[in-house]
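Fold and geometry: a report
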Amino acid sequence: MKKSAPMIVATSLILGSAALIIRKIFQKRLDTVKHVDLQQYLGKWYEIASFPQKFQKGCTYTTAYYTLNDDDTITIKNSCIANGEEKIAFGKAKVTDKNSNAKLEVQFQWPFSGKYWILDLAPDYSYALIGHPNRKYLWILSRKPWMEMDVYKKLLIISDRKGFDISKLKITPQKSND
């Protein structure tokens, strides 16, 4: 019986690895927008909806503010109200795809970083759809604390077509007087 335990472990590892490889092969490629003008992208964004994350637990009135640094990195100031108090998180992003400027690497706490891909963007930069290639992170952002329903529905359709589970999206309450 003891001799079969290593065989079971080895078989499990092989099958598990094979499943991950097959999933990777068949997972639809995640396309970003063709080009982002970083100067237009900078500034304040309101979170309209997102996949809930531990680091945003209890957050309402969530915003992100992006500024360009001299070294071409981007400073990020995320803020929200949680338990009646303002929470602020500062991070830094760098463009990882200079051809499009649509793929960024974001870091809020060293040594951890994450992918920030711009999947859809209004021609006038009034809304953005942000996601991660593993499809576990998704944000719908707007320059205003609200979004027209037809635009929101369009972004849901795009998200679904890109392989995101849109049933996980949660609307983020925003102040209406902003």
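Residues numbered from 1 in each chain as written. Predicted model: local features only at pLDDT ≥ 70, side-chain atom pairs only at ≥ 80, totals over all residues. Heavy atoms only, no water.

1. Digging into the overall build of the protein
- Looking only at helices and strands, one finds three helices and nine strands in the protein.
- Going residue by residue from the N terminus, the α and β elements of the protein occur as α-α-β-β-β-β-β-β-β-β-α-β.
- Within the protein, contacts between residues at least 6 apart in sequence are counted, and of these 52% link residues at least 24 apart.
- As displayed, the protein has an accessible area near 11700 Å², and 58% of this comes from carbon and sulfur atoms. (Helix = DSSP H or I, 4+ residues; strand = E, 2+ residues; numbered from the N terminus. Contact = heavy atoms within 4.5 Å. Areas by Shrake-Rupley, 256 points an atom, 1.4 Å probe, with all protein chains shown as cover.)

2. Some details on the side chain of Thr 73
- Position of Thr 73 among the secondary structure elements: in the loop between β2 (60-68) and β3 (74-82).
- Judged by its relative accessible area of 13%, Thr 73 falls in the buried class.
- In this structure the side chain of Thr 73 is engaged in a polar contact, spanning 2.5 Å, whose partner is the side chain of Asp 71.
- Those residues in contact with Thr 73, other than ones at most four positions away along the chain, are Thr 67, Leu 68, Lys 92, Ala 93 and Lys 94. (Buried < 20%, exposed > 50% of the residue type's maximum accessible area, 1.4 Å probe, protein only. Polar contact = N/O pair within 3.5 Å; in protein donor to acceptor, adjacent residues only side chain to side chain.)

3. Some thoughts on the nonpolar core
- Among the nonpolar cores identified, the biggest contains 23 residues, and Val 36, Tyr 41, Tyr 66, Tyr 116, Ile 118, Leu 121 and Leu 141 are the most heavily contacted of them.
- Within the residue set of this core, elements represented by two or more residues are α2 (38-41), β2, β3, β4 (85-95), β5 (103-109), β6 (112-121), β7 (127-131) and β8 (138-142).
- Broken down by element, this core gets its largest block of residues, three residues, from β6.
- Other than its neighbours up to four places away in sequence, Ile 118 contacts Thr 32, Val 33, Val 36, Tyr 41, Asn 101, Ala 102, Leu 104, Leu 129 and Ile 130.
- Core analysis: the next-biggest nonpolar cluster, separate from the first, contains 19 residues, Leu 30, Ala 122, Tyr 127 and Tyr 152 among them. (Core = buried A, V, L, I, M, F, W, Y, C linked by side-chain atoms within 4.5 Å.)

4. Notes on the packing of aromatic side chains
- Evaluated as defined, the whole model comprises five aromatic pairs.
- Taken together, a centroid distance of 5.1 Å and an interplanar angle of 35° make the contact between Tyr 41 and Trp 45 tilted. Here the two residues Tyr 41 and Trp 45 agree in accessibility, since each one is buried.
- Here the aromatic rings of Tyr 137 and Trp 139 are separated by 6.1 Å at their centres, their planes lie at 15°, and the arrangement is stacked.
- The exposure class of Trp 139 is buried, given its relative accessible area of 16%. (Phe/Tyr/Trp six-rings, centres within 6.5 Å; stacked < 30°, edge-to-face > 60°.)

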